[in-house]
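Architecture at a glance
Okay, here's what each chain looks like letter by letter:
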Amino acid sequence: MSSVKIECVLPENCRCGESPVWEEASNSLLFVDIPAKKVCRWDSLSKGVQQVTVAVSSVALRQSGGYVATIGTKFCALNWEDQSVAVLATVDKDKKNNRFNDGKVDPAGRYFAGTMAEETAPAVLERHQGSLYSLFPDHHVEKYFDQVDISNGLDWSLDHKIFYYIDSLSYSVDAFDYDLQTGKISNRRSVYKLEKEEQIPDGMCIDAEGKLWVACYNGGRVIRLDPETGKRLQTVKLPVDKTTSCCFGGKDYSEMYVTCARDGMDVEKLLQQPQAGGIFKITGLGVKGIPPYPYAG
Ligand SMILES: O=C(O)[C@H](O)[C@@H](O)[C@H](O)[C@H](O)CO
Ligand SMILES: [Zn+2]
């Protein structure tokens, strides 16, 4: 194993950083801060941050330019230049206390995202209120299942035949068979159950070897899993407890970026972990990621 280096590249003080995504064209990391209601774009060359204020939970690239984002219970297009938002579709119309949470685009350009009840405190919420959806390139929405607690990490296997998914309060990383042609999922099973000290599974991404990286909320780490054997291959601890999500980026996708949260920490913990809410860069992992897929609509 090569020598792993962890660096806080942006002391952004996110209340709850989430949805990191690398934009190669601008050498930037996009991410959101859910309670602070903003989408941020950090330029890795100039180190500058731009932001748009909107009640967002996830953001993704869009093939035709700009971005897509989940805002409240709406799938939206986000124009970065004039900061305008256009609603593409709305879900959970009968659930006034719901909002979208994590989302990611599949290899065919569909935007997958799930919902959850609004939290009263981190991980405290009315159970089973969420559902998983995807926004197709023609802007129609398909619903996959309901009864979700906290819809979180998602990604697809390198051959596009498996969809990986995390409902945080199940403490499990699940897999489904995936039909890329139709966007249909089937045959749900668990590929990894978190150990107690790993705490709550949150955001996730796949690497170029087909292994999964899961950010562990309250666990202060990202873990690398082999979804075929169900074994944990590696643990990388960070100097903050509330690690929320991860993605690969940088040159050739050889760096990993990790988001985390400050909300839910008491004064003493914040003094111990002054970098809570920052953006972390991990190098020396010895494995690369793959580029994010852009929404095709
Ligand atoms: O970031 C998310 O996915 C949720 O929006 C957050 O509220 C926390 O991560 C959650 O409380 C822990 O599971
Ligand atoms: Zn999350």
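Computed from a prediction, not measured in an experiment: that's the story for all the values here. (Residues numbered from 1 in each chain as written. Chains lettered and ligands numbered in written order. Predicted model: local features only at pLDDT ≥ 70, side-chain atom pairs only at ≥ 80, totals over all residues. Heavy atoms only, no water.)

1. Thoughts on the side chain of Asp202
Along the chain, Asp202 falls in strand 18 (residues 200-206). There is no salt bridge for the buried Asp202, and the closest opposite charge comes from Arg99, which lies 9.0 Å off by N-O distance. Side chain to side chain, Asp202 and Asn152 meet in a polar contact 3.1 Å long. Those residues in contact with Asp202 that sit more than four places away from it in its chain are Glu18, Asn152, Gly153, Ile166, Ser168, Val214, Ala215, Tyr217, Thr243 and Thr244. (Helix = DSSP H or I, 4+ residues; strand = E, 2+ residues; numbered from the N terminus. Buried < 20%, exposed > 50% of the residue type's maximum accessible area, 1.4 Å probe, protein only. Lys, Arg positive; Asp, Glu negative; His and termini not counted. Salt bridge = Lys/Arg side-chain N within 4 Å of Asp/Glu carboxyl O. Polar contact = N/O pair within 3.5 Å; in protein donor to acceptor, adjacent residues only side chain to side chain. Contact = heavy atoms within 4.5 Å.)

2. Thoughts on the site of ligand 1
The environment of ligand 1 is formed by 14 residues, the closest being Glu18, Asn101, Glu119, Asn152 and Asp202. Contact between ligand 1 and Asn101: an oxygen atom at 2.8 Å from a side-chain N or O atom of the residue. The separation between an oxygen atom of ligand 1 and a polar side-chain atom of Asp202 is 2.6 Å. When ligand 1 is considered free in solution it has 330 Å² of accessible area, and contact with the protein chains removes 97% of it. For ligand 1, the cavity whose grid points lie within 2 Å of the majority of its atoms is the largest pocket. Only strand 10 (98-105) and strand 18 provide two or more residues apiece to the shell around ligand 1. (Near = heavy atom within 4 Å. Areas by Shrake-Rupley, 256 points an atom, 1.4 Å probe, with all protein chains shown as cover. 1 Å grid on protein atoms, 1.4 Å probe; cavity = no way out; pocket = protein on both sides within 12 Å on 5 of 7 lines; lining within 4 Å. Sits in = over half its atoms within 2 Å of the grid points.)

3. Notes on the layout of surface pockets
Empty space within the largest pocket amounts to approximately 550 Å³. Residue lining of the largest pocket: 29 residues in total, with Cys16, Ile34, Pro35, Arg99 and Glu119 positioned closest to the centre. Contributions of two or more residues to the lining of the largest pocket are made by strand 6 (56-61), strand 10 and strand 18. Residue contributions to the lining of the largest pocket peak at three residues, all from strand 10. Tallied by class, residues from the lining of the largest pocket come to 14 nonpolar, eight polar and seven charged. (Points joined across faces, edges and corners; volume = space filled by probe spheres on them. Nonpolar A, V, L, I, M, F, W, Y, C, P; charged D, E, K, R; others polar.)

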